[in-house]
Amino acid sequence: MPIRRFGGHRSLVAYSRISTPSYDYKKMNVSKSGYRVFSANSSTACTELAKKITERLGVELGKSLVYQESNGETRVDVKESVRGQDIFIIQTIPRAVNSAIMELLIMAYALKTSCAKNIIGVIPYFPYSKQCKMRKRGSIVCKLLASMLAKAGLTHIITMDLHQKEIQGFFSFPVDNLRASPFLIQYIKEEIPDYRNAIIVAKSPSAAKRAQSYAERLRLGLAVMHGEAHHSELDMVDGRQSPPFPTRTTQGHTGLELPLMMAKEKPPITVVGDVGGKIAIIVDDIIDNVEDFVAAAEILKERGADKIYIMATHGLLSADAPRIIEESAIDEVVVTNTVPHDVQKLQCPKIKTVDVSMILAEAIRRIHNGESMAYLFRNIAVDD
């Protein structure tokens, strides 16, 4: 009899240990293997881009609430569990740049404290990327922002066409700098009539490498513009318009006599290359203040260019850019949807948009599955 009781008790314990805990363990593994996509910005354009990406991935957009309180503070409420999951935060940068950055930081920190496994920021246009070099007594704000994102909890970033590729060195975690050139080149082939009669134009010598890449892929000629129509903003930051340093004489000490530096002075705009009777396509990474592009378009028209197109990855189009473009000799401005510009398109019909959600969705899928990203960079050189 004691043997029977011992055997029955033994079988009962064994059954309870095998069935219930193993079921819970399997459920926990299923949740850890998933990923969620959230939209950080409460703007309509960001939500639309996030929906396009989630539709391509075949997943639902994560439930979250991002809003500003009456005192101006940003509040983020995550409405579902993210424990043990890979989280992708999609954040486009509207005109309210600082508010968008705070939304991203607060959401990343909220997900970090909710025990998310990895937090990957999908930031197609990285803000403050132009402030990546030291100017006089300024600071490298781009490096500061990189440190803030790491402190908030981000472990990876997906971005597109950084203003300077060296910006990746500011981060303490991986950065995938995707390219929009395949989509813009496809637009040129499909939407510009007789593109074989076009010529790629670099509006400054610094943009010649990017323009050369476009010209080689499209099998087109290359023209480079040099000089300036008027004193640009860079004149104030590199010291060309600063007064000469006063000569100091110290009694009893002659000091060092430095060689006299000649002031920088660029010549008027000139075009190296024949654009007569051709379609001029100006390529760049950012189009913000459009005065330089308008001046370049006028010079190209004077040189006999038939039509003028502008191709850029990020269409910031600040201030009165839509009105200036509408009144200029530019025929069309083509940008991607990395930056919201719906209002600018309503003001200027010349602005066209190319969708890049496909490559962003593929990057998310590959990062989550641990696949190589080399396929997204095929046939792309270092200088692209």
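If you're wondering where the values come from, they're calculated on a predicted model, not measured in any experiment.

Peer 1: I'd like a rundown of the pattern of salt bridges, residues and numbers included.
Peer 2: One pass over the full model with this rule turns up 11 salt bridges. The salt bridge involving E69 is made with R75; its shortest N-O contact spans 2.5 Å. Residue classification places R75 among the partly exposed positions, given a relative accessible area of 37%. D284 is paired through a salt bridge with K203; the nearest N and O atoms lie 3.9 Å apart.

Peer 1: Tell me about the sheet that holds strand β10 (residues 270–272), and please be specific about residues and values.
Peer 2: Consider a sheet: its strands pair through backbone hydrogen bonds, and that pairing is either parallel or antiparallel. Pairing within the open sheet is mixed, and its 7 strands lie in the order β10-β9-β8-β11-β12-β13-β14. In this open sheet, the two strands that pair with only one neighbour each are β10 and β14 (351–354). Recorded for the sheet is a direction-independent mean angle of 25 degrees between the axes of neighbouring strands. Strand direction decides the pairing type here: strand β8 (residues 198–202) and strand β11 (residues 279–287), joined by 4 bridges, are parallel. Directly across from A198, in β11, lies its bridge partner I279. Against the sheet, helix α6 (residues 208–218) engages β8, β9 (221–226) and β11, with an angle of about 165 degrees to β8. Across the sheet, helix α8 (residues 291–302) lies against β8, β9, β10, β11 and β12 (307–315), angled at about 170 degrees from β11, the strand it touches most.

Peer 1: Could you give an account of the packing of aromatic side chains, naming the residues involved and the relevant values?
Peer 2: Aromatic ring pairs are defined here through the distance separating the ring centres and the angle between the ring planes. Counting across every chain of the model gives 3 aromatic pairs. Aromatic pair F171 and F173: ring centres 5.5 Å apart, planes at 55 degrees, arrangement tilted. Given the relative accessible area of 10%, F171 is considered buried. Among the residues examined, F173 registers a relative accessible area of 11% and is labelled buried. One aromatic cluster is present, built from ring pairs that chain together F126, F171 and F173. It is K203 that lies over the ring of F293; its NZ or CZ is 4.9 Å from the centre. Between R378 and the ring centre of Y375, over which it is positioned, the NZ or CZ distance is 4.4 Å.

Peer 1: Quick rundown of the sheet that holds strand β6 (residues 156–160)? Include the residues and the values.
Peer 2: With parallel pairing, the 5 strands of this open sheet are ordered in space as β1-β4-β5-β6-β7. At either margin of the open sheet sits one strand with a lone partner, and together these are β1 (35–39) and β7 (175–178). Averaged over neighbouring strand pairs, the angle between their axes works out to 15 degrees when direction is ignored. Judged from the 3 bridges that link them, strand β5 (residues 118–122) and β6 form a sheet pairing that is parallel. When the bridges of β6 are listed, G121 appears paired with I157. On the sheet, helix α11 (residues 357–369) packs against β1, β4 (86–90), β5, β6 and β7 and is oriented at approximately 160 degrees with respect to β6.

Peer 1: Lay out the side chain of R179 with the relevant residues and their values.
Peer 2: Looking at the element boundaries, R179 is found in the loop between β7 and α5 (181–191). It turns out R179 is buried and unbridged, and the closest side chain with the opposite charge, D161, is 4.4 Å from it. Looking at R179, its side chain comes within polar contact range of the main-chain oxygen of N177, at 2.4 Å.

Peer 1: I'd like to hear about helix α4 (residues 141–152), residue by residue, with values.
Peer 2: For α4, spanning 12 residues, the distance from its first C-alpha to its last is 17 Å, which sits close to the expected 16 Å at 1.5 Å a residue. Here α4 has its buried residues at V141, C142, L145, A146, L149 and A152. Summarising the axial view, the buried residues of α4 lie within an arc of 145 degrees, below the 170-degree limit, and thus occupy one face. Among the exposed residues of α4, those oriented more than 90 degrees off its buried face are L144 and K151. Trailing α4 by a residue or two, G153 shows a phi angle of about 125 degrees, which is positive.

Thresholds applied
- Residues numbered from 1 in each chain as written.
- Predicted model: local features only at pLDDT ≥ 70, side-chain atom pairs only at ≥ 80, totals over all residues.
- Heavy atoms only, no water.
- Salt bridge = Lys/Arg side-chain N within 4 Å of Asp/Glu carboxyl O.
- Buried < 20%, exposed > 50% of the residue type's maximum accessible area, 1.4 Å probe, protein only.
- Pairing = 2+ DSSP bridges.
- Helix = DSSP H or I, 4+ residues; strand = E, 2+ residues; numbered from the N terminus.
- Axes fitted to C-alpha atoms, helices over the stretch in contact; angles between N-to-C directions.
- Contact = heavy atoms within 4.5 Å.
- Phe/Tyr/Trp six-rings, centres within 6.5 Å; stacked < 30°, edge-to-face > 60°.
- Lys NZ or Arg CZ within 6 Å of the ring centre and 35° of its normal.
- Lys, Arg positive; Asp, Glu negative; His and termini not counted.
- Polar contact = N/O pair within 3.5 Å; in protein donor to acceptor, adjacent residues only side chain to side chain.
- Expected span 1.5 Å × (residues − 1).
- Arc of directions from axis to C-beta.

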